[in-house]
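Below, each chain spelled out in residue letters.
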Amino acid sequence: RGKRAFIAGVADDNGYGWAIAKSLAAAGAEILVGTWVPALNIFETSLRRGKFDESRMLPDGSLMEITKVYPLDAVYDCPEDVPEDVRTNKRYAGSTNWTVKEVAESVKQDFGTIDILVHSLANGPEVSKPVLETSRNGYLAAISASSYSFVSLVQNFIPIMNPGGSTISLTYIASERIIPGYGGGMSSAKAALESDTRVLAFEAGRKHNIRVNTISAGPLRSRAAKAIGFIDMMIDYSLQNAPLQKELTADEVGNAAAFLASPLASAITGSVVYVDNGLNAMGVGV
Ligand code: NAI
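These figures come from a predicted structure and were not determined experimentally. (Residues numbered from 1 in each chain as written. Predicted model: local features only at pLDDT ≥ 70, side-chain atom pairs only at ≥ 80, totals over all residues. Heavy atoms only, no water.)

Q: Hey, could you go over the overall build of the chain for me, with residue numbers and the actual values?
A: Secondary structure assignment for the chain yields ten helices and seven strands. Its C-alpha radius of gyration of 18 Å places the chain within 12% of the 19 Å reference for a compact globule of 286 residues. C-alpha atoms of the chain, sized along the principal axes, occupy 55 × 45 × 45 Å. Within the chain, the proportion of its 286 residues that are buried is 51%. Taking as baseline every contact in the chain between residues at least 6 positions apart, the subset at least 24 positions apart corresponds to 76%. Carbon and sulfur atoms form 53% of the exposed surface of the chain, whose accessible area is close to 13800 Å². In the chain, 26 positive and 30 negative side-chain charges are present, and the distance between their average locations comes to 2 Å. (Helix = DSSP H or I, 4+ residues; strand = E, 2+ residues; numbered from the N terminus. Rg over C-alpha atoms; globule rule 2.2 N^0.38 Å. Buried < 20%, exposed > 50% of the residue type's maximum accessible area, 1.4 Å probe, protein only. Contact = heavy atoms within 4.5 Å. Areas by Shrake-Rupley, 256 points an atom, 1.4 Å probe, with all protein chains shown as cover. Lys, Arg positive; Asp, Glu negative; His and termini not counted. Charge placed at Lys NZ, Arg CZ, Asp CG, Glu CD.)

Rendered as structure tokens:
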């Protein structure tokens, strides 16, 4: 039987989530995605109109099929958590059942179980502010959208995950080294995500035989990264200083995710796996 994957955080064809979906599809998995509610319309319209057809192309020449797109806002666990102004916001009012718990219930109803859960989402409203100037609300929002969202997805999807399954998130080296410009509590959020990867690996491994890993990815010109504002500089820095002097492609991260989700990685859990052309290993710039 082929595996089934749910990938949270796909809203265009530029980010890591899309590339992970493609690598998993190329390896034979069925693909379900969770798309941020305000981005749902444009994503589905673009998909339908063939705007992504070129980038849906798999190595064997076929096009990746996304079996179903679910609206998702990973900042809310259940309907009771959704504030009135969000519920009635016109970008949300057209969709239903998009809290984490409801999405897991919908996937269960539609498909029964999944094997692979991918978290490829982050948000930090004050990311461009240094931590010294970050508000409590901004910091907590970064943690909520970028760290607890993973905990919540794992909590809600584990009951429908087949034993032997695998979960993967995306992190960034700003969690452990100083990266000026990655502010607003986003560095703290990634540190929490990596710590939770270890603790959840223990809990989910013992209780459910599920593996939990995170990929520490190098810089990619995604929509989210462009919004931070220093992505071109980070790509140049990597080209200049990393052991492998080539631009990192999203596919390279996608392929690492497919490996981690596969039986080839059956003894790997609780790990932070660097997919960054080796930049993390450098001690000084050159
Ligand atoms: P992206 O823009 O393709 O993906 C981020 C996604 O998160 C978007 O689709 C956005 O709609 C979604 N999102 C934001 N808030 C959400 C919410 N509350 N509920 C549901 N979805 C929400 O950008 P990218 O860069 O591919 O990001 C994916 C992951 O990779 C993130 O965790 C990011 O921190 C991580 N990463 C990115 C790097 C880069 O240079 N682009 C480097 C290292 C890690």
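Q: So what about the sheet that holds strand β5 (residues 161-171)? Which residues, and what values?
A: Here seven strands make up an open sheet; going across it, the order is β3-β2-β1-β4-β5-β6-β7 and the pairing parallel. Taken across any chain shown, the strands that pair with only one partner, and hence form the sheet edges, are β3 (66-72) and β7 (272-275). Direction aside, neighbouring strands of the sheet carry axes that sit 20° apart on average. Bridge count between strand β4 (residues 114-119) and β5: five bridges; the pairing is parallel. In the strand pairing of β5, L117 is matched with T167. Each of β1 (4-8), β2 (30-36), β3, β4, β5 and β6 (211-217) touches helix α1 (residues 16-26); the most contacted strand, β1, lies at about 175° to it. Set on the sheet, helix α6 (residues 136-157) makes contact with β1, β4, β5 and β6; between it and β4 the angle comes to about 170°. (Pairing = 2+ DSSP bridges. Axes fitted to C-alpha atoms, helices over the stretch in contact; angles between N-to-C directions.)

Q: How would you summarise the site of the ligand if you had to cite specific residues and measurements?
A: If you check the shell around the ligand, you find 27 residues, and the closest are Y16, D73, K190, L220 and S222. With respect to the ligand, the backbone of A74 contributes an N or O atom lying 2.9 Å from a nitrogen atom. L220 is positioned such that a nitrogen or oxygen atom in its backbone is 2.8 Å from an oxygen atom of the ligand. Elements supplying a minimum of two residues to the shell around the ligand: β5 and α8 (223-228). Sorting elements by how many residues they give to the shell around the ligand places α8 first, with three residues. (Near = heavy atom within 4 Å. Polar contact = N/O pair within 3.5 Å; in protein donor to acceptor, adjacent residues only side chain to side chain.)

Q: Summarise the environment of Y274; cite the residues concerned and give the values.
A: Topologically, Y274 is positioned in strand β7. Note: C-alpha distance between Y274 and I215 (59 residues apart in sequence) is 5.8 Å. Setting aside anything within four residues of it in sequence, one finds Y274 in contact with E176, S216 and N280. Side-chain polar atoms of Y274 contact the side chain of E176, separated by 2.5 Å.

Q: An account of unusual backbone geometry is requested, with residue identities and associated values reported.
A: The phi dihedral of N97 is positive, around 60°, even though this residue is not glycine. If you trace the backbone, N97 turns up in the loop between α4 (90-93) and α5 (100-111). The backbone of N277 sits at a positive phi, close to 60°, despite the residue not being glycine. With respect to the element layout, N277 can be found in the segment after β7. In this structure N277 comes out as buried when scored by relative accessible area, which is 6%.

Q: Could you give me a rundown of the confidence of the model for the chain, with the residues and numbers involved?
A: Averaged over the chain, the pLDDT score is 98; the fraction of residues at 70 or greater is 100%. This prediction of the complex comes with two scores: 0.98 for pTM and 0.99 for ipTM. (pLDDT = per-residue confidence, 0-100.)

Q: Give a description of α6 that names residues and reports values.
A: Its 22 residues place the ends of α6 30 Å apart at the C-alpha level, agreeing with the 32 Å of an ideal helix rising 1.5 Å per residue. Most pronounced at Y148, the bend in α6 amounts to some 45°. Those residues of α6 not exposed but buried are G138, A142, A145, S146, S147, S149, F150, V151, S152, L153, V154 and F157. (Expected span 1.5 Å × (residues − 1). Bend = angle between axes of the 7 residues up to and from the residue.)

Q: Run through the pairing of β3, naming residues and quoting values.
A: Across the seven residues that make up β3, a large majority, five, are buried. Relative to β3, β2 is paired through six bridges, and the arrangement is parallel. Bridging from a neighbouring strand, L32 pairs with K68 of β3.

Q: Could you give an account of a nonpolar patch on the surface, with specific residues and numbers?
A: A surface patch of nonpolar side chains, about 290 Å² in accessible area, is lined by M282, V284 and V286. Residue placement: V286 occurs in the segment after β7. Residue V286 is classed as exposed on the basis of its relative accessible area of 67%. (Patch = residues over 30% accessible without salt bridge, like charges linked within 9 Å, V, L, I, M, F, W, Y side chains within 5 Å. Salt bridge = Lys/Arg side-chain N within 4 Å of Asp/Glu carboxyl O.)

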